[in-house]
Amino acid sequence: MAKYLDVHPDNPQPRLIGQVVDLLHADGLIAYPTDSGYALGCRLGNKNGIDRIREIRRLGDDHHFTLVCRDFAQFGQFVLVNKTVFRLIKAATPGGYTFILPATKEVPRRLLHPRKKTVGVRIPDHVVTQALLAELGEPLLSSTLLLPDESEPMTQGWEIKETLDHAVDAVIDSGECGATPTTVVDFSQGEPEILRHGTGPTSLFE
């Protein structure tokens, strides 16, 4: 059964954040709130966690996983960004965007798009997510908690606990979170291409 952690949305309890991070270090899989709905998350090197995310969401090999980063210093370790692209991304973050960019050698091959060698990255605007990332000290490998045959991500912690009780190791509930997925912008060819319209306004990239 999954642990259910009731975390304060504005002042996350360090003890509870520490419990989640211990679980992540033990190669656990969590469901956690972001500014664009719930996500499934595990450590970057957790191969079993990646397989579990694929199974829960029934994902194919061409799925773009997302590295959820605390800040731009972390962001820059895993993707290649020129000055022009960096300025555009910096103007839009933190917030409801996922950016598709060429990956550095720090990203495990199994996480890359098989043809493009790209990966998704984002910096969320969510207190609890940021607290987790600060304590973890590395990005969370994530995928939106969008179940097969559903059109919107899950937003209620108790509902996720009931639905995925034996599929994840912990569910973090910090009240209402966003219900709209991120806006996805592909910079892999240099010019921005909007792949999905979501919570982030697209005017900067059009």
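Located above this text is the structure these notes cover.
What counts and what doesn't
- Residues numbered from 1 in each chain as written.
- Predicted model: local features only at pLDDT ≥ 70, side-chain atom pairs only at ≥ 80, totals over all residues.
- Heavy atoms only, no water.
- Phe/Tyr/Trp six-rings, centres within 6.5 Å; stacked < 30°, edge-to-face > 60°.
- Helix = DSSP H or I, 4+ residues; strand = E, 2+ residues; numbered from the N terminus.
- Buried < 20%, exposed > 50% of the residue type's maximum accessible area, 1.4 Å probe, protein only.
- Arc of directions from axis to C-beta.
- Polar contact = N/O pair within 3.5 Å; in protein donor to acceptor, adjacent residues only side chain to side chain.
- Contact = heavy atoms within 4.5 Å.
- Core = buried A, V, L, I, M, F, W, Y, C linked by side-chain atoms within 4.5 Å.
- Pairing = 2+ DSSP bridges.
- Axes fitted to C-alpha atoms, helices over the stretch in contact; angles between N-to-C directions.

Visitor: How would you sum up the packing of aromatic side chains? Please name residues and give values.
Guide: In total, this model carries seven aromatic pairs according to the counting rule given. On the basis of an interplanar angle of 65° and a centroid distance of 5.1 Å, the ring pair of Phe72 and Phe86 is categorised as edge-to-face. Within this pair, whereas Phe72 is found in helix H3 (residues 72-78), its partner Phe86 is found in helix H4 (residues 83-92), the two being separated by 14 residues in sequence. Judged by relative accessible area, which is 32%, Phe86 ranks as partly exposed. Between the aromatic rings of Phe99 and Phe205, the centroid separation amounts to 5.9 Å while the plane-to-plane angle is 65°, which identifies the pairing as edge-to-face. Taken as a pair, Phe99 in strand S5 (residues 97-102) and Phe205 in the segment after strand S10 (193-196) lie far apart in primary sequence, 106 residues in all. Accessibility assignment for this pair places Phe99 and Phe205 in one class, buried. Through a chain of ring-to-ring contacts, the aromatic side chains of Tyr97, Phe99, Phe187 and Phe205 assemble into a single cluster.

Visitor: Quick one: what's the story with H4, residue by residue and with numbers?
Guide: By the burial criterion, the buried members of H4 are Val85, Ile89 and Ala92. The arc that holds every buried residue of H4, seen down its axis, measures 60°, which confines them to one face. Residues Lys83, Arg87 and Ala91 are exposed on H4 and point more than 90 degrees away from its buried face. The N-cap residue of H4 is Asn82: its side-chain oxygen and the backbone nitrogen of Thr84 are 3.1 Å apart.

Visitor: Would you mind going over the environment of Pro181 in detail, with residue names and values included?
Guide: Tracing the sequence through the fold places Pro181 in the loop between strand S8 (170-173) and strand S9 (183-186). The spatial distance from the C-alpha of Pro181 to the C-alpha of Pro9 is 19 Å, given a sequence separation of 172 residues. The residues touching Pro181, leaving out its near neighbours within four places in the chain, are Ser36, Pro153, Arg196, Gly198 and Thr199.

Visitor: How would you summarise the nonpolar core if you had to cite specific residues and measurements?
Guide: Counting residues in each nonpolar core, the largest one holds 42 residues, and the members touching the most others are Leu40, Leu67, Phe75, Phe99, Leu101 and Leu145. Listed by contribution, the elements that provide at least two residues to this core are strand S3 (37-42), helix H2 (47-57), H3, H4, S5 and strand S6 (118-122). Non-local contacts of Leu101, meaning those with residues more than four positions away in its chain, are made with Phe75, Val79, Leu80, Val81, Val85, Ile89, Thr118, Val119, Val121 and Phe187. Judged by nonpolar contacts, the second largest core, of 19 residues, contains Leu5, Val68, Leu133 and Leu136.

Visitor: Describe the sheet that holds strand S7 (residues 140-144), with residues and values.
Guide: If you walk across this open sheet you meet the 10 strands as S1-S8-S2-S3-S7-S4-S6-S5-S9-S10, and the pairing is mixed. Sheet topology places strand S1 (3-6) and S10 at the edges, where each strand pairs with a single neighbour. Recorded for the sheet is a direction-independent mean angle of 35° between the axes of neighbouring strands. Bridge count between strand S2 (residues 30-34) and S3: five bridges; the pairing is antiparallel. When the bridges of S3 are listed, Pro33 appears paired with Tyr38. Its contacts with the sheet place helix H1 (residues 14-25) against S1, S2, S3, S7 and S8, and it is angled at close to 150° to S1.

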